[in-house]
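# Commentary on secondary and tertiary structure
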Amino acid sequence: MTANVPSESKLLWGWGRTAATRSEVIHAPDAASAADAISDAGPRGVLARGLGRGYGDCAQNAGGTVLDGPSMSGLIDVDLKNGVVTAKAGTSLDDLMRWLVPLGYFVPVTPGTRMVTVGGAIAADIHGKNHHRLGSWCNHVQSFRLLDGHGEVRDITPESDPDIFWATAGGVGLTGVVLDATIAMNPIESSRISVDTDRAPDLDSVMQLMIEGDDDYDYSVAWIDLLAQGASMGRSVLERGRFATLAEVSAEGVDKPLEYSTSQFPAPPDIIPSGMLNRLSIRAFNELWYRKAPVMRRDELKTIEAFFHPLDMISDWNRIYGKRGFLQWQFAIPDESSEVIRRSVERLSASGASSFLAVLKRFGEGNEGHLSFPQKGWTLALDIPAGSGLDRLLDELDELVVEGGGRVYLAKDSRVRPELMPLMYPRLDEWRDVREKLDPNGVFRSDLGRRLGLSG
Ligand SMILES: Cc1cc2nc3c(=O)[nH]c(=O)nc-3n(C[C@H](O)[C@H](O)[C@H](O)COP(=O)(O)OP(=O)(O)OC[C@H]3O[C@@H](n4cnc5c(N)ncnc54)[C@H](O)[C@@H]3O)c2cc1C
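Since the model is a prediction, treat every value here as computed from it, not as a measurement.

### Description of the sheet that holds strand 2 (residues 21-26)
With mixed pairing, four strands are arranged side by side in an open sheet as 1-2-4-3. Edge positions in the sheet fall to strand 1 (7-12) and strand 3 (46-49), since each of these pairs with one other strand and no more. Ignoring strand direction, the axes of neighbouring strands in this sheet form an average angle of 35°. Judged from the four bridges that link them, strand 3 and strand 4 (residues 65-68) form a sheet pairing that is parallel. In the sheet register, A48 faces strand 4, and the bridge partner there is L67.

Pasting the structure below:
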């Protein structure tokens, strides 16, 4: 293997902890050693990996090489006047927040966990609770350096190389290794979010509230109790907000307006039997959570962690599903097919799926990313314990999504049928052409790529 660079044979899985596969993980600290790994790659190729927060197999490469993202992390440049940051691709959003929130900047987009890297954010073109306002991550990326399949470093901007830029945005690591990126941050006056909460008794009410009111908020998310049935089907807690101003937090007696802190409870043990979480225990949790929420509350100040990353408070919470793990099903659907949301919730509620809260968000216009997930309309995401026997139902729901002009999210997928790919992502062939140009020998490979016919 690559001289003088540490490497180890390791079992890797996604956040859902299903289908682990073994790879040679290389801790390449710089572009030159990453390029060596590309030239030394065997027939199973190479893949960049971040913090492994993709749920399925997008960051795995069975029998091949995996480049460990966090081995290359840190800030390269910060322009505080203009709020522009250049960071190595393995830098986590957690670190960006820790460094920049006290200086008055927040990441432009954050997913439901801050434990993702800049490279992973580009490769999944991640979205947050503000897609309807600011779009997805790559809308804020001004440039990146990409190591291609020849081992050459390319400086890419959306203006200089739009095809390469947008094929990499959401390209699940199969167009090359992002080395570093320059990203525009969002100015903030405080680190508190002013949150309005509404409890909605059913799915129609929450969707109506979102249609009518989301445009008035920077961030919006609805948590749906998928176990509620009958008249309560789709009952939800809707949380919407914006960063509070300095005057607002001062009026509330907050003396460190830009303080950023996080807390973490210990991880659950790694010995929880699969199946311990059953419909009854999840129903009890969902019920408690719904009852605890206020029917309506306005202008509550929440910390960044409480509003954006509540799950991060429990380290390795994915272990609660036991050894068998779990999968996440997330789809996007245009407004004109919003009926697919109702039908999915109906069928999942009726199926006995033991699912914690599902997440419903609005999407604004999608961007030019060939495989970027967001498209104007809605997105629904939910966890299901692996082995729940819902494979057939999910296959049927995928078809509903396709008929409605929607798609599932590759960064979370572990099961979609490959023949649906060109229907969900109609620009797939264009993406393949760009990939062919960057990586004619097909060096970049992944388990997801093989499963869906995107790579060898
Ligand atoms: C609790 C939780 C909540 C989440 N919420 C959201 C959400 O709200 N919105 C959302 O969009 N996503 C969400 N996600 C998914 C997550 O944001 C994405 O999967 C993200 O890509 C993970 O980043 P990572 O650094 O862990 O990358 P990994 O999971 O390690 O890799 C993800 C992909 O990025 C590629 N990649 C990583 N680094 C590089 C690089 N340097 N160059 C090229 N390719 C690279 C990998 O090959 C892989 O295809 C959530 C995940 C979790 C666990």
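### Quick look at the sheet that holds strand 9 (residues 153-156)
An order of 5-6-10-8-9 is seen for the five strands of this open sheet, with the pairing classed as antiparallel. Unpaired on one side and paired on the other, strand 5 (75-79) and strand 9 mark the two borders of the sheet. Neighbouring strand axes in the sheet, compared pairwise and without regard to direction, differ in orientation by 10° on average. With six bridges joining them, strand 8 (residues 141-147) and strand 10 (residues 177-184) adopt antiparallel strand pairing.

### Observations regarding the site of the ligand
Lining the immediate surroundings of the ligand are 34 residues, of which A48, G50, G54, T117 and Y409 lie closest. One nitrogen or oxygen atom from the main chain of G52 is found 2.9 Å from an oxygen atom belonging to the ligand. For the ligand, an oxygen atom lies 2.7 Å from a polar atom in the side chain of Y409. Burial of the ligand by the protein amounts to 97% of the accessible area it has alone, namely 960 Å².

### Description of the domain arrangement of the protein
How big an interface is tends to be expressed through the accessible area that disappears when the partners come together. Taken as a whole, the protein is organised into domain 1 (72-188) and domain 2 (192-418). Taken residue by residue, the interface counts 33 residues in domain 1 and 35 residues in domain 2. Interface area, domain 1 with domain 2, both sides summed: about 3000 Å², of which 57% is carbon and sulfur. The largest per-residue losses of area from domain 1 upon contact with domain 2 belong to R114, K129 and H132, which jointly make up 26% of the total buried on that side. Linking domain 1 with domain 2 are three salt bridges. The interface formed by domain 1 and domain 2 holds 18 residue pairs in polar contact (both at pLDDT 80 or more) in total.

Basis of the calculations
- Residues numbered from 1 in each chain as written.
- Predicted model: local features only at pLDDT ≥ 70, side-chain atom pairs only at ≥ 80, totals over all residues.
- Heavy atoms only, no water.
- Pairing = 2+ DSSP bridges.
- Helix = DSSP H or I, 4+ residues; strand = E, 2+ residues; numbered from the N terminus.
- Axes fitted to C-alpha atoms, helices over the stretch in contact; angles between N-to-C directions.
- Near = heavy atom within 4 Å.
- Polar contact = N/O pair within 3.5 Å; in protein donor to acceptor, adjacent residues only side chain to side chain.
- Areas by Shrake-Rupley, 256 points an atom, 1.4 Å probe, with all protein chains shown as cover.
- Domains from an automatic or database assignment.
- Contact = heavy atoms within 4.5 Å.
- Buried area = accessible area lost by both parts, 1.4 Å probe.
- Salt bridge = Lys/Arg side-chain N within 4 Å of Asp/Glu carboxyl O.

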